[in-house]
Structures are given as C-alpha cells and as structure tokens.
Amino acid sequence: MNRTELLQIIRNAGIVGAGGAGFPAYKKLDAKVDHVIANGVECEPLLYKDREVMLQETKKLIRGLEIAREITSASKVTIAIKKKNNDVAESLRPLAEKAKMDIFIMENVYPAGDEFILVYDVTGRRIPPGGIPLQVGCLVNNVETLVNIAKAVEGEPVTDKYVTITGAVKEAVTTVVPIGTSFKDCIELAGGFTTAHPAIFTGGVMMGGVETDLSLSVTKTLGALIVLPQEHNLTVRKTAPQKVYNKTGHSTCDQCSFCTELCPRYILGYPIQPHLVMRSLQMTGSEKERLSLWAANCCECNVCSLFACPEKLDPKNICADTKINLRKENKGFTKQELEVVFRDVHPVREGREIPISMLYQRLGIKAYDRKADFVRNDRKVKEVLIPLKNNFGEDASAAVNIGAQVRRGELIGTVPEEKLGTPIHASINGVVSQITATGIQISSIVL
Ligand code: SF4
Ligand code: SF4
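Given the structure is predicted, the values throughout are model-derived calculations rather than measurements.

(A) Up close: helix α18 (residues 356-363). Taken as a whole, α18 has its buried residues at I356, L359 and L363. All buried residues of α18 lie within an arc of 50 degrees about the axis, which places them on one face of the element. Opposite the buried face of α18, by more than 90 degrees, sit the exposed residues M358 and Q361. Once α18 ends, the next one or two residues include G364, with phi positive near 70 degrees.

Written as structure tokens, this is what we have:
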C-alpha cells in the first residue's frame with residue numbers, strides 16, 4: 001500500500017485522536033516529520049487506560065507506529081511512558097528494539113502528556129507558541145490512536161473504546177466498550193456507584209468535564225469515567241458557575257502569582273501568566289485587553305486552580321474564557337512581541353513540576369487511588385447511541401435509515417471526502433432504532 005492509500009484507509013476507518021482531542025488521524029499523519037512520538041504518558045490521576053492499551057495491544061501499537069513512520073518518513077520513533085509504568089516499558093522493550101524504536105521514561109509529574117511538554121522532554125525542541133508539533137518536525141499520537149491505525153490497515157474500523165471506570169464505584173476497572181455505550185452501562189461494569197449522589201468526571205479529574213446524565217454515551221475520545229460524590233470539594237469547584245468564579249476572582253485575588261510560578265507552560269518559557277489574566281478582571285479598556293493576551297497559551301491543565309492557588313480561585317477557567325474572547329476577536333501577541341515574551345526554559349523548572357503523589361493529596365482523591373486493571377467485557381450491550389459529532393471539522397451525517405439492519409463495523413455516517421472529518425461505524429449488530437441530530441441509536445439483535 002502506498003502513502004495515499006494508507007491515509008485513505010485511516011480516514012475511512014474513522015480514526016480520530018483517542019487521547020481526548022479527537023483530531024482526525026489521517027490529517028495529522030499527512031505530513032513529513034523526522035520524529036514520531038507515541039504518547040503513553042497518561043498523566044491524569046486515577047487513569048489506567050493507556051497503560052492497559054500498551055499491555056493488551058503491544059503488537060498493534062508497534063505496527064501502528066511502523067505505519068506512522070512509513071507515512072511520515074520519520075527517522076526516529078519514541079514511545080513515551082511514565083516512570084510509574086516501568087513494567088509496561090520493560091514488556092514493550094523487546095518488540096520496540098526489534099522495530100528500532102526508543103522508549104523514553106518520563107517522571108511521575110503532572111502534566112506530562114501535554115504535547116508542548118512531551119515534545120520538549122523527548123526531543124529538547126519547543127513548539128512555537130500557539131503552534132503544533134509538526135513545526136518542530138514531530139508527530140505525536142496517543143497509543144490507542146496508533147493501535148486503531150494498525151487495526152484499520154487490517155480492515156477494522158473504530159468501533160470500540162478503552163475506558164477506565166473508577167472512583168466511587170465498587171470495582172475500579174479498565175475495559176473495552178462499544179462506542180455509544182451509555183454511562184449507565186459503563187458504571188454497571190464497575191459494579192455500580194458507592195455514593196448516593198454521583199458526579200461523573202469524563203476523561204480526567206484535572207482536565208475533564210463533570211456530568212450527571214447517565215444516558216450520555218461513550219465517544220471515540222473518552223478515556224475514563226471517574227465517579228466522585230457531588231459534595232466532594234473537587235466536584236463543587238469544577239461545577240462553580242462562571243458568575244461565581246469571576247466574582248470571587250475579582251474580589252479575592254491578591255496577585256501572589258503562585259498560579260504563574262507553578263504553571264507548567266510558564267516554566268517552559270511560554271507567554272502565559274495567569275495572575276496577569278486575573279488582574280484583567282479588575283481592568284477595563286486597553287489595559288484589560290493587554291493583560292488578557294497572557295491567557296492565549298493556556299493548555300487548561302488546571303494546575304493553577306486546583307493545585308497552586310492558595311485562595312482556591314479559578315484562574316484556569318478565567319484563562320479559558322479569555323481565550324475564547326481572544327479567538328473571537330482574533331487577538332494575540334504579535335510576532336515581534338512573541339520574540340520578547342517567549343522566554344528560555346525557567347532554570348528551576350525541574351523543582352517546580354508537580355509530583356503526582358502531591359496532586360492526589362491536594363485534590364483529596366487519595367481514597368480512590370487504586371489500580372483499575374483490565375477486565376474483559378463479555379456483556380452484550382442492548383443499545384448504543386453513536387455520536388455524529390466530530391471534535392474537528394464536519395460532523396458525520398447519517399448514511400442509514402431507521403429500521404435498517406446493521407452489522408458491527410458497517411458504515412453508518414459519512415463526511416464528504418473534501419471536508420475535514422471522519423465517518424462513523426456501527427459498534428454492535430442491530431437495528432437502527434432512532435436517528436437524532438446528535439447520534440444514531442442501534443438496538444441490539446442477533447444477526
Ligand atoms: S494564585 Fe490565586 S490569589 Fe495568587 S495570583 Fe493566582 S489566582 Fe490570584
Ligand atoms: S490551566 Fe493554569 S496552570 Fe495550566 S496552562 Fe493554563 S494558566 Fe497555566
């Protein structure tokens with residue numbers, strides 16, 4: 001197969017970034033780079049999804065990397081893994097060495113999986129502010145995305161998702177579910193809730209959202225469902241309305257600048273200073289505009305809000321809101337300004353990274369710190385609701401009608417070839433029972 005054919009297969013298989021962002025894999029791979037990096041770092045607390053992907057799908061991970069290397073003509077391939085998963089690194093090593101791939105061990109710090117941090121730690125290169133790894137000759141893919149690439153070339157489109165289900169549930173597990181499985185069915189796989197008022201953190205406690213609707217379904221990008229009580233401090237803080245965090249930020253921030261001093265992007269030299277964005281809350285006019293620019297390079301890791309700020313304010317959300325406004329107004333530092341504000345890596349960076357053990361303590365989640373080993377999912381799902389939404393580009397349109405019988409892996413939603421976006425496939429055998437603006441429901445039948 002040539003490069004063009006491989007990219008077409010990857011598109012047709014509906015592969016998007018499985019680590020959370022959801023960028024179409026065929027588009028990302030359509031580049032020449034010298035270094036391909038597999039992101040198996042998984043730095044969010046309580047997650048075991050990528051660990052299990054690497055353990056359960058070792059051969060496919062290596063195959064996916066070989067395909068990525070072939071498409072991009074990269075001369076170097078590295079698998080990045082956290083120190084806490086040294087055993088995974090050792091089990092991968094023989095196959096990786098045979099395929100001439102390196103393994104890079106990263107410290108147990110948060111965040112480490114952010115592409116800007118990962119690329120710097122692995123290669124010593126810094127992606128330009130607001131840029132992408134390609135600009136420094138790198139391609140970064142989550143390990144599950146690479147496994148999906150190998151599967152696509154074997155003729156298997158994306159139908160399943162690895163997820164960790166943990167927190168206030170009976171059994172913490174990592175398993176594979178059909179895309180479109182409801183949160184309710186996922187929680188049952190973990191034995192049910194152990195809290196009367198559950199809140200579900202999707203993807204991670206630091207960067208994920210918080211949901212209470214159990215009818216929501218697993219997407220191609222969801223990596224975890226973490227249950228915490230609604231009354232848990234973290235749930236209360238993460239669900240505070242905008243009006244509340246703006247008001248407390250405006251009245252309580254004493255400009256101590258701890259948020260900036262511990263910001264992982266700031267200590268890597270990027271022009272991000274959350275304390276200045278907090279100061280903008282008290283300003284108007286051109287001064288507010290000038291201070292707002294210091295939000296543009298925020299990766300929304302939440303270190304400032306959930307770890308650094310002694311007043312328990314929310315600089316992360318204020319930076320995130322400010323970024324939306326900057327984008328709308330097409331504002332940012334000019335090229336000349338960036339030459340001044342994009343500084344060298346902070347000399348004390350190593351001492352300022354957040355050890356994961358300290359993070360568990362600060363977040364108050366030590367009680368939920370247990371392994372979520374892989375469990376095979378033999379349950380038959382009765383119904384799935386497969387999202388039509390693509391995180392980037394065009395959403396898919398239904399290519400089936402209500403009443404149609406479909407088989408697992410069959411194409412059910414398409415995106416025009418000339419548009420950015422990926423198609424979707426049936427994740428179980430069944431009948432199309434409903435088509436809504438957001439998804440296609442399939443009810444299970446034995447075919
Ligand atoms: S750490 Fe908190 S109080 Fe200090 S500057 Fe940042 S937001 Fe303000
Ligand atoms: S969320 Fe806070 S700590 Fe993280 S990058 Fe943004 S400003 Fe920095």
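(B) Representation of the environment of T175 within the structure. Residue position: T175 is located in strand β7 (residues 173-178). Between the C-alpha atom of T175 and that of I105, which follows or precedes it by 70 residues, the distance is 25 Å. Filtering out sequence-adjacent residues up to four positions away, T175 remains in contact with V163, L189, F374, V375 and N377.

(C) Molecular detail of the sheet that holds strand β6 (residues 160-167). Read across the open sheet, the five strands follow the order β7-β6-β10-β8-β9; overall the sheet is mixed. Each having just a single partner strand, β7 and β9 (209-211) make up the two edges of the open sheet. Adjacent strand axes in the sheet meet at a mean angle of 30 degrees when their direction is disregarded.

(D) Summary view of the site of ligand 1. Close contacts around ligand 1 come from 15 residues, with C253, C256, C259, H275 and C309 the closest. Mapped by element, the contributors of at least two residues to the shell around ligand 1 are α11 (258-262) and α12 (274-280). Counting residues per element, the shell around ligand 1 draws most heavily on α12, at three residues. Its residues assigned to classes, the shell around ligand 1 comprises ten nonpolar, three polar and two charged.

(E) Highlighting the pairing of strand β2 (residues 76-82). For β2, the tally of buried residues reaches six of seven residues, placing the bulk of the element in the interior. Where strand β1 (residues 35-40) and β2 come together, six bridges link them in parallel fashion. Bridge pairing links G40 to I81 in β2. Relative to strand β3 (residues 102-106), β2 runs parallel, the two sharing five bridges. Residue pairing across strands places K82 opposite M106, the latter belonging to β3. Between the parallel elements β2 and β3, the chain passes through helix α5 (residues 86-98) in a crossover that is right-handed.

(F) Local environment of the packing of helix α4 (residues 58-72) against α5. Two numbers describe how α4 lies on α5: the axes approach to 10 Å, and their chain directions differ by 40 degrees. Classified by the interaxial angle, the pair formed by α4 and α5 is oblique. Relative to α5, the crossing made by α4 is right-handed. Taken together, the residues of α5 that come into contact with α4 (itself represented by T58, K59 and I62) are S91, L92, L95 and A96.

(G) Spotlight on the sheet that holds strand β17 (residues 430-435). Sheet architecture is open: four strands sit in the order β12-β18-β17-β14, paired in antiparallel fashion. The sheet is open, and its two edges are formed by β12 (383-387) and β14 (405-406), each paired on a single side. In terms of strand pairing, β17 meets strand β18 (residues 439-444) through five bridges, oriented antiparallel. Bridge pairing links I435 to I440 in β18.

(H) Structural view of the site of ligand 2. Around ligand 2 sit 14 residues, and of these C263, C298, C301, C304 and K316 come closest. Secondary-structure elements contributing two or more residues to the shell around ligand 2 are α14 (303-308) and α15 (315-328). Considering every element that reaches the shell around ligand 2, the biggest residue donor is α15, with three residues. When its residues are assigned to classes, the shell around ligand 2 shows ten nonpolar, one polar and three charged.

(I) Spotlight on the domain arrangement of the chain. Looking at the assigned domains, one finds that the chain contains domain 1 (3-153), domain 2 (163-228 + 364-379), domain 3 (242-363) and domain 4 (380-447). Computed from C-alpha coordinates alone, the two centres of domain 1 and domain 3 are separated by 28 Å. Across the contact, 13 residues belong to domain 1 and 20 residues belong to domain 3. Among the secondary structure elements, those contributing two or more residues to the side of domain 1 that touches domain 3 are β4 (109-110) and α6 (115-123). Considering every element that reaches the side of domain 1 that touches domain 3, the biggest residue donor is α6, with three residues.

How each quantity is defined
Residues numbered from 1 in each chain as written. Chains lettered and ligands numbered in written order. Predicted model: local features only at pLDDT ≥ 70, side-chain atom pairs only at ≥ 80, totals over all residues. Buried ≥ 20, exposed ≤ 12 C-beta atoms within 10 Å, placed from the backbone. Helix = DSSP H or I, 4+ residues; strand = E, 2+ residues; numbered from the N terminus. Arc of directions from axis to C-beta. Contact = placed C-beta atoms within 7 Å. Pairing = 2+ DSSP bridges. Axes fitted to C-alpha atoms, helices over the stretch in contact; angles between N-to-C directions. Near = placed C-beta within 6 Å. Nonpolar A, V, L, I, M, F, W, Y, C, P; charged D, E, K, R; others polar. Right-handed = clockwise from strand over helix to strand, strands pointing away. Parallel < 35°, antiparallel > 145°, perpendicular 65-115°, else oblique. Left-handed = near helix turned anticlockwise from the far one by under 90°. Domains from an automatic or database assignment.

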